[in-house]
Amino acid sequence: MITALYNWAKYKAKKDNLLYSPMDFINVIRKLIIGDIEVTGLYSLYEPIAHLYETYPFENPNYQFKIIDKSKKERDVSQEEMKYLMIPKRGLTGKAKQSIGGSIYARTTLKNAVIITGGKYEKVREGKNIIHRVVISKNKLIDFWRQRLLDTYFQSRGEFIGEERICPFCGIKHEFKNLRFNPPINIFVENVTNYNPYLYEEPSHSICPYCAMLFLRTVLEEKGPEKIQFPKAKNAFIYNLPYEPENEYIYEIFNKNKAGEFLKKEIEDMGWRYSEIDALYYLLYLPLFIFRSLPLSLSGRIKPYVYIVFASISKQAEEISNHFVITRFDYLAKVGEMINEEGGVREIYNFKSRLNSFIEKFKKDQVVIGYKLIFRFLGKMLSEGNIDFIFLHSLLRKEINQKKKDNKIPYFTGYKYLNAFLKAKREV
């Protein structure tokens, strides 16, 4: 998955016209460390990650910056000068804050940067809020900017240069250490992040500054792998991560908006009302979507991967519970073809109703658990073509018991959706 995340980061950089070469970026980092860097070089380090910082003065009331100009008078910061300050954007997730050192911005980074530039810093309390007031000379802004960039790209104020190593992603040799490395999805990758013994104090990263920057800029949702929420649990969602090393077309096809447009047309063609795409709809429609959007999949000539990850948030901490990988596009396209022949949208809707009935049995604070079970069930179907009949039996049993309590005759629909998976497995 880490390779897929890296390719996603490269794809987003290309879409954003960030055409730096790894060696050029690394050379600018060297100049940043030794202090022999011009403003254009500082901007080339800031530009790729500018979306992680405030761009408008006074956007974050917890920070009050004043500039001393040539007349020795204090004035407010201009919008153009905001790039020098690199105030973490409001509303960042804990992961995004951690990735840029945002959690220590006021506690450590800001104080040290002010000391280095000869500025003034004080922390005052106004009601329940802590206000950080900073005064800095205009002719020291560049020095302030350089220090902020160092604290962004490196996670230690110790040595930045060490033994020569090889970046596991781009293969470039470099000598940097203590680089920040935060993938956009909470996965732990032992062979990438740390080669040192367990509990050894000093981290040892083999990733180069350029590749670290690619990952860094994707920790914000608008740049990272797309997230699709579940309908009755806004704190639960899936990450949708396509991967095709030789063709970027797969990223355009599996775009969230593209899938939403497809779903909208299918539903409205039935005369039904469409609201928005959700994770459950997305997973159930995937075979039909592949059949309609990538018909060549039936021939087995298309060989992409799609990683789908289940994640939930509790107290701002993200937890990755499960994931599966789709590799058999020929099989899913065949499933989609059979679903299309057996009623298409109507059968998908009927089966979704079965799953919704299952979710309704969970208490509000337990709904995420229900979606985890459904995700695991659908993941086996989409990735392996296997139907977990034990889960299916428990799902239907609850509905049968409820029907009995209500003195109603059980009537089940949506079985044709499941049958498409069984028939396709016999034929492909």
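Residues numbered from 1 in each chain as written. Predicted model: local features only at pLDDT ≥ 70, side-chain atom pairs only at ≥ 80, totals over all residues. Heavy atoms only, no water.

1. As for the overall build of the protein
If you tally the helices and strands in the protein, you get 17 helices and 10 strands. Dimensions of the protein along its principal axes, counting C-alpha atoms only, are 85 × 50 × 45 Å. Restricting to contacts in the protein with at least 6 residues of sequence separation, those with at least 24 account for 69%. Carbon and sulfur atoms form 49% of the exposed surface of the protein, whose accessible area is close to 21700 Å². (Helix = DSSP H or I, 4+ residues; strand = E, 2+ residues; numbered from the N terminus. Contact = heavy atoms within 4.5 Å. Areas by Shrake-Rupley, 256 points an atom, 1.4 Å probe, with all protein chains shown as cover.)

2. Focus: the sheet that holds strand E9 (residues 305–314)
Taken in spatial order, the four strands of this open sheet run E7-E8-E9-E10, and their pairing is antiparallel. Strands at the two margins of the open sheet, each flanked by one partner only, are strand E7 (226–230) and strand E10 (317–326). Direction aside, neighbouring strands of the sheet carry axes that sit 25° apart on average. As paired elements, E7 and strand E8 (residues 233–243) share five bridges and run antiparallel to each other. Looking at the pairing, phenylalanine 230 lines up with alanine 233 of E8. Strands E7, E8 and E9 of the sheet are contacted by helix H1 (residues 2–15), whose axis makes an angle of about 85° with E8. Along the sheet, helix H15 (residues 367–384) contacts E7, E8, E9 and E10; its crossing angle with E10, the most-contacted strand, is approximately 20°. (Pairing = 2+ DSSP bridges. Axes fitted to C-alpha atoms, helices over the stretch in contact; angles between N-to-C directions.)

3. Brief notes about the packing of aromatic side chains
The relation between two aromatic rings is expressed through the spacing of the ring centres and the mutual angle of the planes. For the structure on display, the rule yields 38 aromatic pairs. Clustering of aromatic rings is evident, with ring pairs tying together Tyr331, Phe351, Phe358, Phe362, Phe377, Phe391, Tyr417 and Phe421. A cation sits over an aromatic face here: lysine 83 above tyrosine 84, 4.7 Å from the ring centre. Directly above the ring of tyrosine 281 sits lysine 352, whose terminal nitrogen or CZ lies 4.4 Å from the centroid. (Phe/Tyr/Trp six-rings, centres within 6.5 Å; stacked < 30°, edge-to-face > 60°. Lys NZ or Arg CZ within 6 Å of the ring centre and 35° of its normal.)

4. As for the pairing of E9
Most of E9 sits out of view: seven of its 10 residues are buried. As defined by bridge partners, E8 adjoins E9 across eight bridges and the pair is classed as antiparallel. When the bridges of E9 are listed, phenylalanine 237 appears paired with alanine 311. Where E9 and E10 come together, nine bridges link them in antiparallel fashion. The residue bridging serine 314 from the neighbouring strand is alanine 317, located in E10. (Buried < 20%, exposed > 50% of the residue type's maximum accessible area, 1.4 Å probe, protein only.)

5. Describing the sheet that holds strand E2 (residues 74–76)
The strand order E2-E1-E4-E3 describes an open sheet built from four strands, whose pairing is mixed. The open sheet has two free edges, formed respectively by E2 and strand E3 (120–126), since each of these has just one partner strand. When the angles between neighbouring strand axes are averaged without regard to direction, this sheet yields 30°. Note: strand E1 (residues 63–68) against strand E4 (residues 129–137), six bridges, orientation parallel. Residue pairing across strands places lysine 66 opposite valine 135, the latter belonging to E4.

6. Describing the nonpolar core
Residues Phe65, Tyr153, Phe254, Tyr282, Ile308 and Leu378 are the most contacted members of the largest nonpolar core, which totals 140 residues. It is helix H12 (residues 279–293) that contributes the most residues to this core, 12 residues altogether. Excluding anything up to four places from it in sequence, leucine 378 contacts Leu280, Leu283, Leu284, Phe351 and Leu355. (Core = buried A, V, L, I, M, F, W, Y, C linked by side-chain atoms within 4.5 Å.)

7. Digging into the packing of helix H2 (residues 22–34) against helix H9 (residues 209–216)
Following both chains from N to C, one finds H2 and H9 inclined at 100°, their axes separated by 8 Å at the closest point. What the angle tells us is that H2 and H9 run roughly perpendicular. Across the interface between the two elements, Pro22, Phe25, Ile26 and Ile29 from H2 touch Pro209, Tyr210 and Met213 from H9. Of the residues that constitute the contact of H2 with H9, the class distribution is seven nonpolar, no polar and no charged. (Parallel < 35°, antiparallel > 145°, perpendicular 65-115°, else oblique. Nonpolar A, V, L, I, M, F, W, Y, C, P; charged D, E, K, R; others polar.)

8. Structural notes on a positive patch on the surface
Taken together, the side chains of Arg107, Lys111, Lys123 and Arg125 make up a positively charged region of the molecular surface. Inspection of the secondary structure puts arginine 125 in strand E3. (Patch = residues over 30% accessible without salt bridge, like charges linked within 9 Å, V, L, I, M, F, W, Y side chains within 5 Å. Salt bridge = Lys/Arg side-chain N within 4 Å of Asp/Glu carboxyl O. Lys, Arg positive; Asp, Glu negative; His and termini not counted. Charge placed at Lys NZ, Arg CZ, Asp CG, Glu CD.)

9. Notes on the environment of phenylalanine 25
Relative to the helices and strands, phenylalanine 25 is located in helix H2. Once residues lying within four places of it in the same chain are set aside, the contact partners of phenylalanine 25 are Tyr20, Ser44, Leu45, Pro48, Tyr153, Pro209, Tyr210 and Met213.

10. A few points about the side chain of histidine 174
Note that histidine 174 resides in strand E6 (residues 173–176). Judged by relative accessible area, histidine 174 falls into the buried class, the value being 0%. Side-chain polar atoms of histidine 174 contact the backbone nitrogen of phenylalanine 176, separated by 3.1 Å. Side-chain polar atoms of histidine 174 contact the backbone oxygen of isoleucine 207, separated by 3.4 Å. Ignoring any residue separated from it by four or fewer positions in sequence, one finds histidine 174 in contact with Glu163, Glu164, Arg165, Cys167, Ser206, Ile207, Cys208 and Pro209. (Polar contact = N/O pair within 3.5 Å; in protein donor to acceptor, adjacent residues only side chain to side chain.)

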